[in-house]
Amino acid sequence: MTSAPTPQTPAKRAAIVGANRIPFGKAGSAYAGASNKDMLTAALEGLVARFGLAGERLDEVAAGAVVKHSRDFNLTRETVLGSSLDHHTPAYDVQRACGTGLEAIVGVANKIALGQAQVGVGGGVDSASDAPVVVSERLRKALLRASRAKTLPDRLKAFAAIRPRDLAPVAPDVAEPRTGLSMGEHQALTTARWGITREAQDALALASHTNLAAAYERGFFDDLMTPYRRLTRDESLRADTSMEKLAKLKPVFGARTATPEGPAATMTAGNSTPLSDGASVVLLSSDEWATQRGLPVLAHVVDAQAAAVDFVAGEEGLLMGGAYAIPALLDRTGMRLEDFDYVEIHEAFAATVLATVAALEDEDFGRTRLGRDGAVGTIDRSRLNVTGSSLAAGHPFAATGGRIVGTLAKLLHERDESEVRPGSPARGLISVCAAGGQVVTMILEAA
């Protein structure tokens, strides 16, 4: 006799109560003397102050950094211990390359949905200015042998093996370990494959700067940001840029992978994200917790999906994971691209956004790569990255997810009722590509 299936209790939706970040700085500039812990603490303390959380014991804090020193093995917990939160608040580190911040938020949201937590914080931080410098492998091993030596002769023998060339530091490198290509060179291959033009990339970059500047002008970020080290706006924002200025920039990616018969390189410093420093955090809770505190809920987390592509064998472009995760997420939730009031696709490069959108709208891609009857759908460009994105704001790797979630949650709260589905809550879609061929996607809905 088989037992009757146990009825499933619908999971709660985690509420997004608010967010905070520090303005993103350019590498080597305003935050050159700040560590990951310094910046993450500043972002967290801003959130604590805004929502009156000083002395509060939260159920979870999750965050991470893509590039961090070995001393930061417990970065998030150390950040909590340096904050005004109750020191009994548990915390842990997350790492999924540039998807780290969004993955941390997914983790906290899932715990709230399952009833394992009532309130938590997810976020991320990264410093391109304070990246760890690694010594050569020969020097590292010699130092380890010397540290383990029990006698002076053995220690001197270990040091004697060091050669002058071993003393040269190994600079930080963001090349993919399995291909040796930088992220920009990988994207250049995808850009050529999809025929993304220089003009289209520059137009998207210009829109990013224009939209971000307009959002600042209307005070959109006033309750999403804490000034830090004299910065009150993102340092890479160029409100006065133009198509003419962008067109003068020389390509910086694509020369290494270009072929004589292929298209010319098109990716410049203007249509690629700058190396950046910054931190962001998002406050999530159950509806009950927010109600008890009298805090309005901005949006709810509907669902999330991660995916990865095989870029090593050349099967797919490194940053094209969004073209696979988004359809999976739509299928599971019964939604269409046309159902979203806002779409936030991380601008790792302008061409990343354009290639992802092109794939989603391509009939052949839908049939051959996704096994569908045709294209996934279309994205209304007027709903894409409406307050600017990483090209203008900058991209401190693990901090990007929190920036986007906070921005989208507030946009949805402002919109409230959907324009594309009248009578229903507005919805937003997020996609953040990451190294290793990965991506993290999420759907939010106005509360």
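Note that the coordinates shown come from a computational prediction; the quantities given were computed from them, not determined experimentally.

Comments concerning helix α10 (residues 322-333)
Next, step 1: With twelve residues, α10 extends 16 Å between its outermost C-alpha atoms, agreeing within 8% with the 16 Å of an ideal straight helix rising 1.5 Å per residue.
Next, step 2: Of the positions making up α10, those classed as buried are G322, A323, A325, I326, P327, L329 and L330.
Next, step 3: Of the surrounding secondary structure, the elements contacted by the buried residues of α10 are β9 (299-308), α11 (350-360), α12 (363-368), β11 (427-434) and β12 (438-446).
Next, step 4: Phi turns positive, to about 70°, at G334, one or two residues after α10.

Re empty space enclosed by the protein
Next, step 1: Evaluation of the coordinates by the stated rule reveals four cavities of 30 Å³ or more.
Next, step 2: If you add up the space inside the largest cavity, you get close to 50 Å³.
Next, step 3: Considering the residues around the largest cavity, the lining is formed by A19, N20, R21, L224, G402, R403, G406 and T407.
Next, step 4: Listing elements by their share of the lining of the largest cavity, those giving two or more residues are β1 (15-21) and α14 (400-415).
Next, step 5: Here the lining of the largest cavity takes four residues from α14, the largest share from any one element.
Next, step 6: For the lining of the largest cavity, the per-class residue count stands at two nonpolar, four polar and two charged.

A short note on the pattern of salt bridges
Next, step 1: Across all of its chains, the model carries 27 salt bridges by this definition.
Next, step 2: Close ionic contact of R13 with E445 constitutes a salt bridge, the shortest N to O distance being 2.8 Å. Taken together, the residues span a long stretch of sequence, with R13 in the segment before β1 and E445 in strand β12 at a distance of 432 residues.
Next, step 3: Two residues, R332 and D303, come together in a salt bridge whose shortest N-O distance is 2.9 Å. With R332 in helix α10 and D303 in strand β9, this pair connects stretches of sequence that are 29 residues apart.
Next, step 4: Where salt bridges share partners, they join D341, D380, R383, R415 and E419 into one cluster.

Some words on the domain arrangement of the chain
Next, step 1: Parsing the chain into structural domains produces domain 1 (137-167) and domain 2 (183-219 + 301-446).
Next, step 2: Centre-to-centre, using C-alpha coordinates, domain 1 lies 50 Å away from domain 2.

With respect to the packing of α10 against α11
Next, step 1: Orientation of α10 relative to α11, taken along the N-to-C sense of each, is 50°, at an axis distance of 9 Å. Taken together, the axes of α10 and α11 are oblique relative to one another. For the crossing formed where α10 meets α11, the hand is right-handed. Within the contact between the two elements, α10 uses G322, A323, I326 and P327 and α11 uses T356, A359 and L360.

Remarks on the pairing of strand β5 (residues 119-127)
Next, step 1: Taking burial as the measure, the nine residues of β5 include nine buried ones, the bulk of the element.
Next, step 2: Residues of β5 alternate between two faces, with V119, V121, G123, V125 and S127 on one and G120, G122, G124 and D126 on the opposite face, all of them buried.
Next, step 3: One ladder, built from three bridges, connects strand β3 (residues 60-63) with β5; its direction is parallel. Bridge pairing in β5 links E60 to G120.
Next, step 4: Of the strand pairs in this sheet, β5 and strand β8 (residues 276-285) are connected by nine bridges, and their pairing is antiparallel. Bridging across to β8, V121 finds its partner in L283.

Notes on the layout of surface pockets
Next, step 1: Approximately 720 Å³ is the volume found for the largest pocket.
Next, step 2: Contributing to the lining of the largest pocket are 27 residues, with D173, V174, M183, L275 and F397 lying nearest its centre.
Next, step 3: By residue class, the composition of the lining of the largest pocket is 18 nonpolar, seven polar and two charged.

Observations regarding the side chain of S418
Next, step 1: By the element assignment, S418 lies in the loop between α14 and β11.
Next, step 2: Residue classification places S418 among the buried positions, given a relative accessible area of 4%.
Next, step 3: At a separation of 2.9 Å, a polar atom in the side chain of S418 contacts the side chain of D341.
Next, step 4: A polar side-chain atom of S418 sits 2.8 Å from the main-chain amide nitrogen of R421.
Next, step 5: With residues near it in sequence (within four places) discarded, S418 still touches D341, S424, P425 and A426.

Structural notes on the state of the cysteines
Every disulfide links exactly two cysteines, by a covalent bond between their sulfur atoms.
Next, step 1: With the rule as written, the count across this model stands at zero disulfides.
Next, step 2: For the unlinked cysteine C98, the closest cysteine sulfur is that of C433, found at 6.8 Å.
Next, step 3: With relative accessibility at 7%, the residue C98 sits in the buried group.
Next, step 4: In this structure C433 comes out as buried when scored by relative accessible area, which is 6%.

Brief notes about the environment of M183
Next, step 1: Relative to the helices and strands, M183 is located in helix α6 (residues 183-193).
Next, step 2: Looking at M183, the relative accessible area reads 18%, which means it is buried.
Next, step 3: Considered as a pair, M183 and A434 are 251 residues apart in the sequence and their alpha carbons are 9.5 Å apart.
Next, step 4: Among residues more than four places away in sequence, those in contact with M183 are V174, E176, L318, L319, F349 and A435.

Structural notes on helix α7 (residues 198-217)
Next, step 1: Its 20 residues give α7 an end-to-end C-alpha distance of 29 Å, which sits within 8% of 28 Å, the value for a rise of 1.5 Å per residue.
Next, step 2: Taken as a whole, α7 has its buried residues at R198, Q201, D202, L204, A205, L206, S208, H209, L212, A213, A215 and Y216.
Next, step 3: On its buried side, α7 packs onto β1, α6, α8 (243-247), β7 (267-268), α11 and α13 (390-393).
Next, step 4: Immediately downstream of α7, the backbone of G219 shows phi near 75°, a positive value.

Reading guide: rules and limits
Residues numbered from 1 in each chain as written. Predicted model: local features only at pLDDT ≥ 70, side-chain atom pairs only at ≥ 80, totals over all residues. Heavy atoms only, no water. Helix = DSSP H or I, 4+ residues; strand = E, 2+ residues; numbered from the N terminus. Expected span 1.5 Å × (residues − 1). Buried < 20%, exposed > 50% of the residue type's maximum accessible area, 1.4 Å probe, protein only. Contact = heavy atoms within 4.5 Å. 1 Å grid on protein atoms, 1.4 Å probe; cavity = no way out; pocket = protein on both sides within 12 Å on 5 of 7 lines; lining within 4 Å. Points joined across faces, edges and corners; volume = space filled by probe spheres on them. Nonpolar A, V, L, I, M, F, W, Y, C, P; charged D, E, K, R; others polar. Salt bridge = Lys/Arg side-chain N within 4 Å of Asp/Glu carboxyl O. Domains from an automatic or database assignment. Axes fitted to C-alpha atoms, helices over the stretch in contact; angles between N-to-C directions. Parallel < 35°, antiparallel > 145°, perpendicular 65-115°, else oblique. Left-handed = near helix turned anticlockwise from the far one by under 90°. Pairing = 2+ DSSP bridges. Polar contact = N/O pair within 3.5 Å; in protein donor to acceptor, adjacent residues only side chain to side chain. Disulfide = S-S within 2.5 Å.

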